[in-house]
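# Summary of structural features
Residues per chain are reported as follows:
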Amino acid sequence: MRTNVIRVLATAVLMAVLGASAALAATPPPAGDAKPVEKSRKDLTPMPEGWTALRQEEAIKQAHKQYPFVEDVLMEDLPLRQQRLRNMGIGYKDIKQSYILLDSPYVDTYEKQYDPVRFMHSKHAASLDGDCAACHHYRPADPNAPETVSCRSCHQDTRTDANTERIGLKAAYHMQCMNCHEQMKKGPVNCVGCHTKRSVDHKELVRLPENPKPQEVTAECLRCHQEAGDDMLATAHWLWRGPSPYTTEHRKSVMSGKGTTTLNNF
Amino acid sequence: MKLTRRGFLGAVGAAGVAAAAPNNAQAWQSKAPPDPYGCLVDLTRCIGCRKCEQACNEVNRLPEPAVRFDDLTVLDAKRRPDHDTFTVINRYYPGRLDDRAKPAPTFVKVQCMHCQDPACVSACITGALTKEDNGAVHYDVGKCIGCRYCMAACPFEIPAYEYHDPITPRVRKCTFCFERISKEGGKPGCASICPVEAITFGRRNELLLLAKKRIENDPGKYVDRVYGEKEVGGTSWLYVSNVDFEKVGFQKLPEQPMPGITETIQSSLFSYLWSPLALFGVLGAVMGLTGRKEENHDA
């Protein structure tokens, strides 16, 4: 009996709160003297002045450094090479930079659509347990050359003559990374897994009046991103519906949700 | 000696055949450029990212597609190049399994093959289509009369037509990025964007050696065949693959160039104008016969 009373009371309170909020929502915004809410486009978490990524400049310089092309390479079996590198004591402790920016004129063979990859050299070497030969598959034939050289020492432009076929730097990067990621079932294999997409500067594209209405903003977004809007309408965010919590007489007859007309559906 | 009609016709016919015979024996001459550019497509490398489609669209200033280029669901259906898509990627499951025992896809790029002796050029009656020295089969809209013989002639069914535009329709197909490759160091859009160098641009002769070298270096991986080496007399675009070409949408085509057959027939039909002569001879004879009969009736 008492529980029943409590339940009825709780329902009444809930209804009252809902009603009040509905009434609040229904009240028209104060007209006339009330100032519109000032909008701020200030970045709330601004980048500290003069901040750049760690070693970024050095990495850019490093990425654009030209190396003399290695014409001849010493072809050897991978296990032999691995063994030799281990015997020579070459491992991840020899890596000087923690990351390399994979950028070069040889990579920009088409309009830049993506930013260069930030390749974590030491991390990769460590996760390969110091097996340098996994990527540094051959060495220059010249015995005085260092044991491991950078990718772009051998892979620069595409060489199409059948005797010295050498894939270009872009393909070398992509095939080395993606094939290994696929084999190891680790690491990204899609474009944006490694690259950040070079996004268009929306400042030039967005055309809005001085003090836009929310609907105008939505319409302006949809002008280009119609698909994103259509997709949204097909997601659970827009279509969700479910039984309401217990209301009077323990019924769950009211379906609430955006997919119905009972909740927050403009 | 009195020349009978039958004798005369027989003589004309024989003369015609005799005139045609040496022409038949005189072999048809290929007009293929000696050192054209080409592209080698390695199906083992292609990852089906559709970047080539995107680059093609941008380079040729084609209309924006209905589905964005980063949407790979379009690969669920087989597509063909059309009037505003010069190249498409199709996905096949030819039965190869990957290391997780799942069917492994093979992606095939489809575009104009830029034949060495193109049937479309041979069929074109106004010279709007030409085979250029750099390998491109080039289309000049100014000369085109819209007869669409090229579309009927192409063994790869590539040329498309702007049927929606009744006033200034054009035949549309891959241009081999004619302007780009005419420049020093220029590559077609698709070849320059490909992230894994599945499309290698270069001189056709070199690419052919390269293709054979790749097969020779990895005979377990590749099928021992370069598609486009001999098909219809050779094409500027070449393909190497790790699966049978017939399983991934390539047609089985004869090795002789298409114009070799059609032009031989045509030239032997019209050599010394024997066939029109014979035709009009027969017609004349028929007329003569029927005319005389009527005269007899009247008399």
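Structural notes, computed from the coordinates.

Cut-offs and rules
- Along each chain, the written sequence defines residue order, and numbers are assigned to residues from 1.
- Working convention: letters from A go to chains and numbers from 1 go to ligands, in the order in which they are written.
- With the structure being a predicted model, the display of local features is reserved for residues of pLDDT at least 70 and the display and counting of side-chain atom pairs for 80 or more, all residues being used for whole-chain, interface and lining totals.
- Hydrogens and water molecules were not included; the side-chain quantities draw on all heavy atoms of the structure.
- In this description a helix means any DSSP run of H or I spanning at least four residues, a strand means any run of E spanning at least two, and both kinds are numbered starting from the N terminus.
- Burial classification: accessible surface area is computed with a 1.4 Å probe over protein chains only, and a residue below 20% of its type maximum counts as buried, one above 50% as exposed, and the rest as partly exposed.
- Throughout, a contact is declared for two residues whenever any of their heavy atoms are within 4.5 Å.
- Surface accessibility follows the Shrake-Rupley procedure with a 1.4 Å probe radius. Residue values consider only the protein chains on display as shielding.
- Planes of paired rings set the category: under 30 degrees apart is stacked, over 60 is edge-to-face and the rest tilted, where pairs are Phe, Tyr or Trp rings (Trp by its six-membered ring) whose centres lie within 6.5 Å.
- Placement of a positive charge over a ring is assigned whenever Lys NZ or Arg CZ falls within 6 Å of the ring centre and within 35 degrees of the normal to the ring plane.
- For the purposes of this section, nonpolar cores are sets of buried Ala, Val, Leu, Ile, Met, Phe, Trp, Tyr and Cys residues that join through side-chain atoms within 4.5 Å.
- We treat Lys and Arg as the positive residues and Asp and Glu as the negative residues; His and chain ends play no part in the count.
- Whenever a carboxyl oxygen of Asp or Glu lies within 4 Å of a side-chain nitrogen of Lys or Arg, that contact is scored as a salt bridge.
- Here a polar contact is recorded for every N or O atom pair within 3.5 Å, except that within protein the pair must consist of a potential hydrogen donor and a potential acceptor, and residues adjacent in sequence are included only if both atoms are side-chain atoms.
- Following DSSP output, two strands are said to pair if at least two bridges run between them.
- Between N-to-C directions, angles span 0 to 180 degrees; the directions come from axes that are lines fitted to C-alpha atoms, helices contributing only their stretch in contact.

A word on the overall build of chain B. From N to C terminus, chain B includes nine helices and nine strands. Within the span of chain B, comprising 299 residues, buried residues form 45% of the whole. Taking the intrachain contacts of chain B between residues at least 6 apart in sequence as the baseline, contacts between residues at least 24 apart amount to 59%. Looking at chain B as shown, the accessible area adds up to about 16000 Å², and 57% of this sits on carbon and sulfur atoms.

Below, the discussion takes up the overall build of chain A. A tally of helices and strands in chain A yields 11 helices and six strands. Here chain A holds 266 residues, and 23% of them are scored as buried. In chain A, 54% of the contacts between residues at least 6 apart in sequence involve partners at least 24 apart. For chain A, the accessible area works out to roughly 19900 Å², and carbon and sulfur atoms hold 60% of it.

For any pair of aromatic rings, the description consists of the separation of the ring centres together with the inter-plane angle of the planes. The tally for this structure, following the rule as stated, stands at eight aromatic pairs over all chains. Relative to B:Tyr163, the ring of B:Tyr161 lies with its centre 5.0 Å away and its plane at 70°, an arrangement referred to as edge-to-face. The buried category is assigned to B:Tyr161, whose relative accessible area is 10%. For B:Tyr163, a relative accessible area of 56% translates into the label exposed. Both rings, one in B:Phe176 and one in B:Trp237, keep their centres 6.0 Å apart while their planes meet at 55°; by these two values the pair is tilted. Within this pair, whereas B:Phe176 is found in the loop between β7 (171-172) and α5 (178-182), its partner B:Trp237 is found in strand β9 (residues 237-240), the two being separated by 61 residues in sequence. Taking the relative accessible area as the measure of exposure, B:Phe176 reaches 1% and is therefore buried. The ring of A:Tyr99 carries A:Arg118 above its face, with NZ or CZ at 4.5 Å from the centroid.

The next subject is the side chain of B:Thr106. Along the chain, B:Thr106 falls in strand β3 (residues 106-110). Once residues within four sequence positions are removed from consideration, B:Thr106 is found in contact with B:Leu43, B:Asn90, B:Arg91, B:Tyr92, B:Pro94, B:Arg96, B:Val243 and B:Val248.

Next up on the list: the nonpolar core. One recurring pattern in soluble globular proteins: nonpolar side chains tend to sit buried together. Residues and elements named next belong to chain B. Phe156, Trp237 and Tyr239 are the most contacted members of the largest nonpolar core, which totals 49 residues. In this view, tyrosine 239 contacts Leu40, Val41, Leu43, Lys109, Val110, Gln111, Met113, Arg225, Val226, Tyr227, Phe245 and Phe250; residues no more than four positions away in its chain are not counted. Leu207, Leu208, Ile215 and Val226 belong to the second largest nonpolar core, which has 10 residues in total.

A few words now on the side chain of B:Lys131. Residues and elements named next belong to chain B. Of note, lysine 131 is situated in strand β4 (residues 129-131). No salt bridge is formed by the buried lysine 131; its nearest oppositely charged neighbour, aspartate 117, is found at 8.4 Å. Within the structure, lysine 131 has its side chain in polar contact with the backbone oxygen of glycine 135 (distance 2.6 Å). A polar contact of 3.3 Å, which involves the side chain of lysine 131, links it to the side chain of serine 236. In this structure, lysine 131 is in contact with Pro33, His114, Cys115, Gln116, Pro118, Val121, Ala136, Val137 and Ser236, ignoring residues within four places of it in sequence.

Attention now goes to the pairing of strand β3 (residues 117-120) of chain A. Residues and elements named next belong to chain A. Side chains Val117 and Phe119 project from β3 onto a buried face, and the interleaved Arg118 and Met120 project onto a face without burial. In this sheet, β3 lies alongside strand β2 (residues 99-102) in antiparallel orientation, the contact comprising four bridges. When the bridges of β3 are listed, isoleucine 100 appears paired with phenylalanine 119.

Moving on to the sheet that holds strand β1 (residues 37-42) of chain B. Backbone-to-backbone hydrogen bonds pair the strands of a sheet. The strands run either parallel or antiparallel. All names here are of chain B. Spatially, β8-β1-β9 is the arrangement adopted by the three strands of the open sheet, whose pairing is mixed. The open sheet is flanked by β8 (199-203) and β9, the only strands paired with a single partner. Neighbour-to-neighbour, the strand axes of the sheet open up by a mean angle of 25°, direction not taken into account. Pairing between β1 and β9: four bridges, direction parallel. Each bridged residue has a counterpart across the sheet, and for leucine 40 the counterpart in β9 is leucine 238. In this fold helix α7 (residues 204-217) packs onto β1, β8 and β9, with an angle of close to 130° to the strand it touches most, β8.

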